[in-house]
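Each chain is listed here by its residues.
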Amino acid sequence: MTNESAPTVQIRPYRPADREAVHDICIRTADAGEDATASYDDPNVLPELFAHPYTHLDPNLAFVADDNGRVVGYVLGTSDTARFARRFRTEWLPLVGDRYPAPPGPPNTPDEVMAHLLHTPERMVQPALAAYPAHLHIDLLPDHQGAGHGRALIDTFLQALDGVPLHVGMVTANHRARGFYDRLGFHEIPHPDPGPLTYLGRN
Ligand SMILES: CC(C)(COP(=O)(O)OP(=O)(O)OC[C@H]1O[C@@H](n2cnc3c(N)ncnc32)[C@H](O)[C@@H]1OP(=O)(O)O)[C@@H](O)C(=O)NCCC(=O)NCCS
């Protein structure tokens, strides 16, 4: 007999076998929360920038939402953004940089913008964010959004962080994510030059 009210989604630590699913989820949610596949000539740069370096450098802060063996979401991050940026340069970039060369001049296309970001990890270290040393990325597949899994992922991440203040840089146009973060107690961090992002913090 099945119990229809039994939860099928569990939050658990990331495992190397989850790599392909995390890769896919990242691309399918990277355009202000929507599918970014059609926005890039090679969208595979997106997880090399926003997902895989975290599981590689900070595996203890990588968690997935697992629906009966299918990975449907993740939260990834670091407790120390400055250290992460240094290791991104020395340990991560040598693994992927050649595949996505830095553009020769100012980036002109979406692919070039991402390649530029890949080759400038120091951009993550900003005085305005210094009081919030940790940061995260969270994404769930569309059919698993709005069911409490985002809150569960953040709760798990915060528990693992053990009190380190946290920031998130979100695309300002992603109004849905903003409602989520507001509901979870994040507040806007004043920033002199936010570009297309809004920075939110949580102590
Ligand atoms: C943003 C995202 C992670 C949120 O996760 P989620 O599972 O959809 O959110 P939850 O169902 O856990 O919501 C948690 C709480 O926030 C509230 N909430 C969520 N979105 C909201 C919104 N747009 N406005 C107001 N409240 C919102 C929920 O009602 C819920 O409240 P409660 O727990 O007090 O009942 C998820 O929707 C997602 O992956 N979106 C696409 C990718 C993305 O935008 N990632 C963030 C990039 S910065």
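Here, every reference points to the structure presented above.
Quick summary incoming for the structure in this document.

Cut-offs and rules
- Residues numbered from 1 in each chain as written.
- Predicted model: local features only at pLDDT ≥ 70, side-chain atom pairs only at ≥ 80, totals over all residues.
- Helix = DSSP H or I, 4+ residues; strand = E, 2+ residues; numbered from the N terminus.
- Rg over C-alpha atoms; globule rule 2.2 N^0.38 Å.
- Buried ≥ 20, exposed ≤ 12 C-beta atoms within 10 Å, placed from the backbone.
- Near = placed C-beta within 6 Å.
- Nonpolar A, V, L, I, M, F, W, Y, C, P; charged D, E, K, R; others polar.
- Pairing = 2+ DSSP bridges.
- Contact = placed C-beta atoms within 7 Å.
- Axes fitted to C-alpha atoms, helices over the stretch in contact; angles between N-to-C directions.
- Core = buried A, V, L, I, M, F, W, Y, C linked by C-beta atoms within 7 Å.

### Some points on the overall build of the chain
Line of reasoning, step 1. A tally of helices and strands in the chain yields 7 helices and 7 strands.
Line of reasoning, step 2. Ordered by position from N to C terminus, the α and β elements of the chain give β-α-α-α-β-β-α-α-β-α-β-α-β-β.
Line of reasoning, step 3. The C-alpha atoms of the chain give 17 Å as radius of gyration, which agrees with the globular expectation for 203 residues (17 Å, within 12%).
Line of reasoning, step 4. Its C-alpha atoms put the chain at 65 × 35 × 30 Å along the principal axes.
Line of reasoning, step 5. Relative to its full complement of 203 residues, the chain shows a buried share of 33%.

### Regarding the site of the ligand
Line of reasoning, step 1. Close to the ligand lie 20 residues; Gly 33, Gly 150, Arg 151, Met 170 and Gly 179 are nearest.
Line of reasoning, step 2. Elements represented by at least two residues in the shell around the ligand include exactly strand S4 (134-140), helix H6 (149-161), strand S5 (166-171) and helix H7 (175-183).
Line of reasoning, step 3. Broken down by element, the shell around the ligand gets its largest block of residues, 5 residues, from H7.
Line of reasoning, step 4. Tallied by class, the residues present in the shell around the ligand amount to 7 nonpolar, 9 polar and 4 charged.

### Some points on the sheet that holds strand S3 (residues 70-78)
Line of reasoning, step 1. One open sheet holds the 7 strands; their spatial order is S1-S2-S3-S4-S5-S7-S6, and the pairing between them is mixed. Here the strands that pair on one side only, and so sit at the sheet edges, are strand S1 (9-13) and strand S6 (187-188).
Line of reasoning, step 2. When S1 meets strand S2 (residues 62-67), the two strands line up antiparallel, connected through 5 bridges. Within S2, the position partnered with Pro 13 by the bridge is Phe 63.
Line of reasoning, step 3. Along the sheet, helix H1 (residues 19-29) makes contact with S3 and S4, crossing S3 at roughly 80°.

### Some details on the nonpolar core
As a rule of thumb, nonpolar side chains are buried together in soluble globular proteins.
Line of reasoning, step 1. With 42 residues, the main nonpolar core has Phe 63, Tyr 74, Val 75 and Leu 76 as its most contacted residues.
Line of reasoning, step 2. Take this core: its biggest share by element is 5 residues, from S3.
Line of reasoning, step 3. Not counting the four nearest positions on each side in its chain, Leu 76 is found in contact with Ala 51, Tyr 54, Thr 55, Leu 61, Ala 62, Leu 136 and His 137.

### Points about the environment of Leu 57
Line of reasoning, step 1. With respect to the helices, strands and loops of the structure, Leu 57 is situated in helix H3 (residues 52-57).
Line of reasoning, step 2. Residues Leu 57 and Phe 88, spaced 31 residues apart in sequence, show a C-alpha to C-alpha distance of 7.9 Å.

### Structural notes on unusual backbone geometry
Line of reasoning, step 1. Non-glycine residue Ala 32 carries a positive phi angle of around 50°.
Line of reasoning, step 2. Mapped onto the elements of the fold, Ala 32 is located in the loop between H1 and helix H2 (45-50).
Line of reasoning, step 3. Residue class for Ala 32 comes out partly exposed when judged on the 15 C-beta atoms lying within 10 Å of it.
Line of reasoning, step 4. Notably, Asn 68 is not glycine yet its phi reads approximately 55°, a positive angle.
Line of reasoning, step 5. You can see Asn 68 is positioned in the loop between S2 and S3.
Line of reasoning, step 6. In this structure Asn 68 comes out as exposed when scored by C-beta crowding, with 8 C-beta atoms within 10 Å.

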